[in-house]
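# Chains, contacts and geometry: an overview
The chain contents come next:
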Amino acid sequence: MSTHPNRRPGPCASCGIIVPAQAGTLSRTPHGRWNVHCPDHPPPAASGGQRRDDQPPPAEVRYTGTETECVALVEALKLTPHMQVLQVSDPAPRREEPGRHSVYARVRIDPRLLAAVAREEAQQ
Ligand SMILES: [Zn+2]
């Protein structure tokens, strides 16, 4: 599969860093969307071709608060070990709650973390 430079700036699918236009590469997800990859995290197809189609879809979260709170919560999520923020929506005003916004994020949780959580639950 060939890779393309990103024409528009966007967050790296692996680490979330904003990749300036033309500085990274694009890959197409199985769902037909485009992911941006920083030079440190090339797309799987470019780094050896492991298929990821067998992975379950990522978890999804919604944060609600002021626009700034939404951004702060997403930033906190990006700093969380073993959680990879794949996509984040722009904070959208909530029609039913004036002054409040919601932001949606898709998060890939490391299977090793999930296994550790499952073990803890089993012990309780
Ligand atoms: Zn990256």
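Here's a quick rundown of the structure. The residue numbers shown here count from 1 along each chain, following its written sequence. Per-residue local features of the predicted model are confined to residues with pLDDT of at least 70, and side-chain atom pairs are confined, for both listing and counting, to 80 or more; whole-chain, interface and lining totals are unaffected and use all residues. As a rule here, side-chain values come from all non-hydrogen atoms in the structure, and water together with hydrogens is ignored.

Excluding water, the donors of a metal are its N, O and S neighbours within 2.8 Å, or within 3.2 Å for Na, K and Ca, and that exclusion means sites may look incomplete. With distances of 2.0 to 2.4 Å, the protein atoms coordinating the zinc ion are Cys 12 (SG), Cys 15 (SG), Cys 38 (SG) and His 41 (ND1). Between the four donor atoms coordinating the zinc ion, the angles at the centre fall across 96 to 122°, so the site counts as tetrahedral. Each donor residue of the zinc ion lies on the same chain, and together they follow the pattern C-x2-C-x22-C-x2-H. In this pair, Cys 12 sits in the loop between strand E2 (10-11) and strand E3 (18-19) while Cys 38 sits in the loop between strand E5 (34-37) and strand E6 (59-65), placing the two residues 26 residues apart along the sequence. Square planar and octahedral sites, with four and six donors, are those where opposite donors lie more than 155 degrees apart and all other angles lie between 65 and 115, tetrahedral sites have four donors with every angle between 85 and 135 degrees, and the rest are irregular. By the criteria applied, helices consist of DSSP H or I runs no shorter than four residues and strands consist of E runs no shorter than two, each listed in order from the N terminus.

A pair of strands counts as paired when DSSP detects no fewer than two bridges linking them. In space, the three strands of this open sheet follow the order E1-E4-E5, with antiparallel pairing throughout. Strands with a single pairing partner mark the edges of an open sheet, and in this sheet they are strand E1 (4-5) and E5. Two strands pair when backbone bridges link them, and E1 and strand E4 (residues 25-28) are joined in this way by two bridges, in the antiparallel orientation. For His 4, the partnering residue across the bridge sits in E4 and is Leu 26.

Here we come to helix H1 (residues 67-79). Between its first and last C-alpha, H1 extends 19 Å over 13 residues, near the 18 Å set by a 1.5 Å rise per residue. Only protein chains enter the accessibility calculation, which uses a 1.4 Å probe. A residue is then buried if its area is under 20% of the maximum for its type, exposed if over 50%, and partly exposed in between. Listing the buried residues of H1 in full gives Cys 70, Val 74 and Leu 77. For H1, the buried positions fall inside an angular range of 55° around the axis, keeping them on one side. Away from its buried face by more than 90 degrees, H1 exposes Thr 68 and Leu 79. Note on contacts: a residue pair qualifies if any of its non-hydrogen atoms lie within 4.5 Å across the two residues. Where H1 is buried, its residues touch E6, strand E7 (83-88) and strand E9 (101-109). Multiplying 1.5 Å by the helix residue count minus one yields the expected span of that helix. Working definition: the arc comes from the directions between the helix axis and the C-beta atoms, pointing outward to the latter.

In this structure, Gln 22 sits in the loop between E3 and E4. Sequence separation between Gln 22 and Asn 6 is 16 residues; the distance between their C-alpha atoms is 5.0 Å.

Before going further, it helps to spend a moment on the side chain of Arg 94. Relative to the helices and strands, Arg 94 is located in the loop between strand E8 (92-93) and E9. Look at Arg 94 and you get buried, because its relative accessible area is 15%. Think of a polar contact as two N or O atoms within 3.5 Å of one another; within protein, one of them needs to be a possible hydrogen donor and the other a possible acceptor, and neighboring residues in sequence only count if both atoms come from side chains. A polar contact is formed between the side chain of Arg 94 and the side chain of Glu 96, at a distance of 3.0 Å. Those residues in contact with Arg 94 that sit more than four places away from it in its chain are Arg 62, Thr 64, Arg 100, His 101 and Ser 102.

What follows covers the layout of surface pockets. Residues are called lining when one of their atoms sits within 4 Å of a cavity or pocket point, these points coming from a 1 Å grid over the protein atoms alone, where a cavity is a set in which a 1.4 Å probe fits but cannot get out and a pocket is an open set with protein on both sides within 12 Å along at least five of seven lines. Grid points are joined across faces, edges and corners, and a volume is the space filled by probe spheres set on the points. By volume, the second largest pocket amounts to about 580 Å³. Mapped by element, the contributors of at least two residues to the lining of the second largest pocket are E2, E5, E7 and E9. The residue classification treats Ala, Val, Leu, Ile, Met, Phe, Trp, Tyr, Cys and Pro as nonpolar and Asp, Glu, Lys and Arg as charged. All others, Gly included, are polar. Counted by class, the lining of the second largest pocket contains nine nonpolar, five polar and four charged residues.

The sheet contact formed by E6 and E9 spans seven bridges and is antiparallel. Paired with Ala 59 across the strands is Val 107, a residue of E9. Here E7 runs beside E9; their pairing, made up of five bridges, is antiparallel. Within the sheet, the bridge partner assigned to Gln 87 lies in E9 and is Arg 106.

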